[in-house]
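For reference, the chains in residue letters:
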Amino acid sequence: MATVNNGPAMRPVTWTVYRLDNGKSVWERSLSRHSASIELSPGVYRADVTFSDGSVSRSRTFDLRTVSSSNVIVAMD
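Residues numbered from 1 in each chain as written. Predicted model: local features only at pLDDT ≥ 70, side-chain atom pairs only at ≥ 80, totals over all residues. Heavy atoms only, no water.

A.B. asks: Can you help me understand the overall build of the protein in this one?
C.D. replies: Helix and strand content of the protein: 0 helices and 7 strands. Ordered by position from N to C terminus, the α and β elements of the protein give β-β-β-β-β-β-β. Radius of gyration (C-alpha) of the protein: 12 Å, near the 11 Å computed for a compact globule of 77 residues. A principal-axis box enclosing the C-alpha atoms of the protein has dimensions of 30 × 25 × 15 Å. Evaluated residue by residue, the protein yields a buried proportion of 29% over its 77 residues. Long-range contacts, defined here as pairs at least 24 residues apart, represent 43% of the contacts in the protein between residues at least 6 apart. Carbon and sulfur atoms provide 47% of the accessible area of the protein, an area that totals close to 5000 Å². (Helix = DSSP H or I, 4+ residues; strand = E, 2+ residues; numbered from the N terminus. Rg over C-alpha atoms; globule rule 2.2 N^0.38 Å. Buried < 20%, exposed > 50% of the residue type's maximum accessible area, 1.4 Å probe, protein only. Contact = heavy atoms within 4.5 Å. Areas by Shrake-Rupley, 256 points an atom, 1.4 Å probe, with all protein chains shown as cover.)

Next up, the structure:
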């Protein structure tokens, strides 16, 4: 979920999710919503989140190797 002021961003954003394998970023999926639920295989990932107008861009790395589910929250402010 992309957030602004500790709540859902409720603005158009683009998520691009990459799987990180051996130092390389491999595109996994792109989404155009402020929040979504997706299934990913165990591994290490990076989510790049950008407001549709390009004004703010953030990135978050997360590890799904040791947990079965995870909430990834990216603060856009």
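Now that the structure is up, let's keep going.
A.B. asks: When you look at the pairing of strand S4 (residues 24-31) in this model, what are you seeing that I'm missing?
C.D. replies: Two faces make up the sheet, and in a regular strand the side chains alternate between them. In this structure, strand S3 (residues 13-21) lies alongside S4, joined through 7 bridges in antiparallel fashion. Paired with Val17 across the strands is Arg29, a residue of S4. (Pairing = 2+ DSSP bridges.)

A.B. asks: Got a minute to help me understand the sheet that holds strand S1 (residues 2-4) in this structure?
C.D. replies: One open sheet holds the 3 strands; their spatial order is S2-S1-S7, and the pairing between them is mixed. Looking at which strands have only one partner, the edges of the open sheet turn out to be strand S2 (7-8) and strand S7 (74-75).

A.B. asks: Please clarify how the pattern of salt bridges should be interpreted in this entry.
C.D. replies: Close approach of charged atoms allows side chains of opposite charge to pair. Under the criterion given, the structure shown has 4 salt bridges. The partner of Asp53 in a salt bridge is Arg11, with the nearest N and O atoms 3.5 Å apart. One end of the pair, Asp53, is in the loop between strand S5 (44-51) and strand S6 (57-63); the other, Arg11, is in the loop between S2 and S3, with 42 residues separating them in the sequence. Judged by relative accessible area, Asp53 falls into the exposed class, the value being 56%. A relative accessible area of 37% means that Arg11 is categorised as partly exposed. Between Arg19 and Asp21 there is a salt bridge, and its shortest N-O distance comes to 3.3 Å. A relative accessible area of 31% means that Asp21 is categorised as partly exposed. (Salt bridge = Lys/Arg side-chain N within 4 Å of Asp/Glu carboxyl O.)

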